[in-house]
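The primary structure of each chain is shown beneath.
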Amino acid sequence: MKLWQRLREQGRVEAGLPVEFGAAAVGRADIAALSQRLFWGWALLAGVALFTAWWMQRHGWWRALVDGDPSGISVVIALLAAVVTGWCGVRAWRLQQEAQPEGSRWRSAYLADLAHQQGEASALLAERTHGPHETAWWFTAATIKLGLLGTVVGFILMSSQLGKSQSFELAEVQQLLQQMTGGMAIALYTTLVGLIANLWLGLQLLLLDRLADRLAADILADGAR
């Protein structure tokens, strides 16, 4: 046996993990512990997000966002991110319940489907474990699309102001630049909020998908025994 394999096995034994990485070696207790860590990790991140929102309110950043983006697209993105974040917490709690060694309704339903309609059991399990995530991923992609929409709206406003210019007198140029600043603010604010929301939600859903993969693999292995 190679030295690196021995070191890997020794490290996993010391950490209390299975020596092999296969689905059969991953015990239900390991998945249950992983699901609990994921839920409490989400709770910690949600607390940090709430503190950040409070800090922004205290320093007037929310007011600056509303005033800087009169289109309201940035506020819609922020509200959408808050709703999907709450859903991720509910979903993490559900996965935690289903990952417990006893009382998993998904596991019981899969075994029942396997006994009656074997051909569709895996598809039904995939729908239970990953189906709702697809809708959440769509809303996550919608945040960045709304940000791009705000960018387009901002540039349209800027170009419309340029089209109204009749001369290049100093007073008119100053007024034109002031009006164009509003369109630029919309473009920048919506792009920034959309990118932040997309990254924030994408991280949460990625962790949920990974846990759902592990849980589905364990249920499938249980049905194959």
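Residues numbered from 1 in each chain as written. Predicted model: local features only at pLDDT ≥ 70, side-chain atom pairs only at ≥ 80, totals over all residues. Heavy atoms only, no water.

Asks: Account for the pattern of salt bridges, naming residues and giving values.
Replies: Going through the model one piece at a time under the given rule, you end up with 4 salt bridges. Across the pair Glu98 and Arg94 runs a salt bridge whose closest N-O atoms are separated by 3.1 Å. Residue Glu98 and its partner Arg94 are both found in helix 4 (residues 73-98); the two are separated by 4 residues, about one turn of the helix. The exposure class of Arg94 is partly exposed, given its relative accessible area of 29%. A salt bridge links Asp213 to Arg210; its shortest N-O distance comes to 3.6 Å. Here Asp213 pairs with Arg210, and both are found in helix 7 (residues 170-224), just 3 residues apart, close to one helical turn. A relative accessible area of 33% places Asp213 in the partly exposed class. (Salt bridge = Lys/Arg side-chain N within 4 Å of Asp/Glu carboxyl O. Helix = DSSP H or I, 4+ residues; strand = E, 2+ residues; numbered from the N terminus. Buried < 20%, exposed > 50% of the residue type's maximum accessible area, 1.4 Å probe, protein only.)

Asks: Report on the environment of Ser160, specifying residues and quantitative values.
Replies: Within the secondary structure, Ser160 is located in helix 6 (residues 118-163). With a relative accessible area of 31%, Ser160 lands in the partly exposed category.

Asks: An account of helix 5 (residues 105-116) is requested, with residue identities and associated values reported.
Replies: Look at helix 5: 16 Å from first C-alpha to last across 12 residues, which is about the 16 Å you get at 1.5 Å a residue. Those residues of helix 5 that sit buried are Trp106, Arg107, Tyr110 and Asp113. Axial view of helix 5: buried residues confined to an arc of 130 degrees, hence all on one face. Exposed side chains of helix 5 directed beyond 90 degrees from the buried face belong to Arg105, Ala115 and His116. (Expected span 1.5 Å × (residues − 1). Arc of directions from axis to C-beta.)

Asks: Tell me about the packing of aromatic side chains, residues and numbers included.
Replies: Under the defined criterion, the tally for this structure stands at 6 aromatic pairs. Taking the centre distance of 5.2 Å and the plane angle of 70 degrees together, the rings of Trp55 and Trp61 count as edge-to-face. Classification of Trp61 by relative accessible area gives partly exposed; the value is 48%. Ring-pair connections join several aromatic residues into one group, and the members of that group are Phe39, Trp40, Trp42 and Trp93. (Phe/Tyr/Trp six-rings, centres within 6.5 Å; stacked < 30°, edge-to-face > 60°.)

Asks: Can you break down a nonpolar patch on the surface residue by residue, with the values?
Replies: A cluster of nonpolar side chains, contributed by Phe51, Trp54, Trp55 and Trp61, occupies part of the molecular surface with about 490 Å² of accessible area. Take the nonpolar patch: its biggest share by element is 3 residues, from helix 2 (residues 28-58). Turning to its location among the elements, Trp61 is positioned in helix 3 (residues 61-68). (Patch = residues over 30% accessible without salt bridge, like charges linked within 9 Å, V, L, I, M, F, W, Y side chains within 5 Å. Areas by Shrake-Rupley, 256 points an atom, 1.4 Å probe, with all protein chains shown as cover.)

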